[in-house]
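Letter by letter, the chains look like this.
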Amino acid sequence: MTTTRSLLDIDDLTNEEVDAMFSLAHEFAQRPAPRSLEGRFCANLFFEQSTRTHVSFQCAQMRLGANVVNLSPAQLSLATKGERLDDTAITLRALGIDVLVARHPLVGAVAELAAAFDGCTVNAGDGTNAHPTQALLDTFTLRDILGDLRDRTIAFVGDIRHSRVAHSSMRLLHRYGARVLAIGPEAFLLPTDVPSDVRIARDFGAALGTIDALVMLRVQRERFDSMPIDDNAYIAAYQLNDERLERVGPRTPILHPGPYNRGVEIVDAVTLDPRWRYREQVRNGVLVRAALLHHLVHGW
Ligand code: NCD
């Protein structure tokens, strides 16, 4: 039994722990989750805008009966009174917060909070670095749809360089035996942007016949100063448009971590297609996060 376990990146969890979480998440899909966080306090501290991840954690915490505190960074003393991040973490713990869920635009900032916070810290995304709970919900969703992921080819398409989702998800999918393919222009995908076992392809159309699942990514403009390639050229080469959609296998799932930008990486028709599994990802996110919080607080 532990109350100090944290999740900063996906490699903090063993495959056995991920499997245990996935079976608990399946149980939560069948029956109401137990109120196993009753009496505990969870704080959600998001220094970046978020719809899905923030609300998903909040719903997961509430399903487990936790008390939930949502903090807006603009209200905190570190915004205007010079309080440091680590001192904010110390203060939140002393106030009685057991679980701190944090997102920050800077790589390593959540680890800094975790180092000072004597409870459970969960990384809800730090800069371009890591987003372990998105990796969990993507892998959970793909296993539900495809079954065993061994030797399945899963392609990530678009702005891989700035995607913390791709960075964490690729690693977990690889651990489950999947063949990971990264598709994108050089400006968003150098060999150094992906683990060495990830294959790189530049031609989206040519790769379409070989893949078992597609994960489309947003161009994360808030993470760089100016678009490194022409917008129209990017769209022409990497958008999942009507023509490419027709060439996706009849049962090949199409995922997206959200937020998706219609007219950029996908066209409207994608969101109406039965292969588009985005809603399932969002629903699964609550179950997987509830299972994670339960295990972090009560042990495995
Ligand atoms: C992603 C994120 O914030 O990293 N979204 C999410 O958490 N579901 C991806 C993105 O912003 O494009």
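Conventions used here
- Residues numbered from 1 in each chain as written.
- Predicted model: local features only at pLDDT ≥ 70, side-chain atom pairs only at ≥ 80, totals over all residues.
- Heavy atoms only, no water.
- Core = buried A, V, L, I, M, F, W, Y, C linked by side-chain atoms within 4.5 Å.
- Buried < 20%, exposed > 50% of the residue type's maximum accessible area, 1.4 Å probe, protein only.
- Helix = DSSP H or I, 4+ residues; strand = E, 2+ residues; numbered from the N terminus.
- Domains from an automatic or database assignment.
- Contact = heavy atoms within 4.5 Å.
- Expected span 1.5 Å × (residues − 1).
- Arc of directions from axis to C-beta.
- Buried area = accessible area lost by both parts, 1.4 Å probe.
- Salt bridge = Lys/Arg side-chain N within 4 Å of Asp/Glu carboxyl O.
- Polar contact = N/O pair within 3.5 Å; in protein donor to acceptor, adjacent residues only side chain to side chain.
- Pairing = 2+ DSSP bridges.
- Axes fitted to C-alpha atoms, helices over the stretch in contact; angles between N-to-C directions.

### Comments concerning the nonpolar core
- The biggest cluster of nonpolar side chains holds 55 residues, and the ones touching the most others in it are L136, I154, F156, I160 and M170.
- Among the elements that take part in this core, helix α12 (residues 278-298) stands out by supplying nine residues, more than any other.
- Taken domain by domain, this core gets at least three of its residues from each of domain 1 (10-130 + 282-298) and domain 2 (132-277).
- Residue contacts for M170: discarding those within four places in its chain leaves F156, I160, V165, V180, A182, V194, P195 and V198.
- Counting 27 residues, the second-largest nonpolar core is a separate cluster that includes I183, A201, L214 and Y278.

### A short note on helix α1 (residues 15-30)
- The first and last C-alpha atoms of α1 sit 23 Å apart over 16 residues, in line with the 22 Å expected at 1.5 Å per residue.
- Turning to α1, its buried residues number three or more, namely E17, V18, M21, F22, L24, A25 and F28. Down the axis of α1, the buried side of the element spans an arc of 165°, and every buried residue falls inside it. Seen from the open side of α1, the exposed residues pointing more than 90 degrees away from its buried face are E16 and Q30.
- In this fold, the buried residues of α1 make contact with α2 (52-63), α6 (132-146), α7 (164-175) and α12.

### Considering unusual backbone geometry
- The amide bond that connects G258 to the next residue, P259, takes the cis arrangement and shows omega of -5°.
- Following the sequence through the fold, P259 ends up in the loop between β9 (254-255) and α11 (268-271).
- With a phi angle near 65°, D151 is a residue other than glycine that sits in the positive phi range.
- By the element assignment, D151 lies in the loop between α6 and β5 (153-157).

### A closer look at the domain arrangement of the protein chain
- Structurally, the protein chain comprises domain 1 (10-130 + 282-298) and domain 2 (132-277).
- Centre-to-centre, using C-alpha coordinates, domain 1 lies 26 Å away from domain 2.
- Between domain 1 and domain 2, the contact holds 29 residues from the first and 25 residues from the second.
- Roughly 2300 Å² of surface becomes buried between domain 1 and domain 2 when both sides are summed, with 55% attributable to carbon and sulfur atoms.
- A per-residue breakdown of the area domain 1 buries against domain 2 is headed by I10, F22 and T128, which together make up 28% of the total.
- At the boundary of domain 1 with domain 2, the tally comes to five salt bridges.
- Note that R164 is salt-bridged to E48, the shortest N-O span being 2.8 Å.
- At the junction of domain 1 with domain 2, the criterion picks out twelve residue pairs in polar contact (both at pLDDT 80 or more).
- Counting only elements with at least two residues in the side of domain 1 that touches domain 2, the list comes to α1, α2, β3 (99-104), β4 (120-126) and α12.
- With seven residues, the top contributor of residues to the side of domain 1 that touches domain 2 is α1.

### Here we look at the sheet that holds β4
- Pairing is parallel across the open sheet formed by four strands, whose spatial order is β2-β1-β3-β4. The open sheet is flanked by β2 (67-71) and β4, the only strands paired with a single partner. Shown here is a sheet whose adjacent strand axes are inclined to one another by a mean of 15°, direction ignored.

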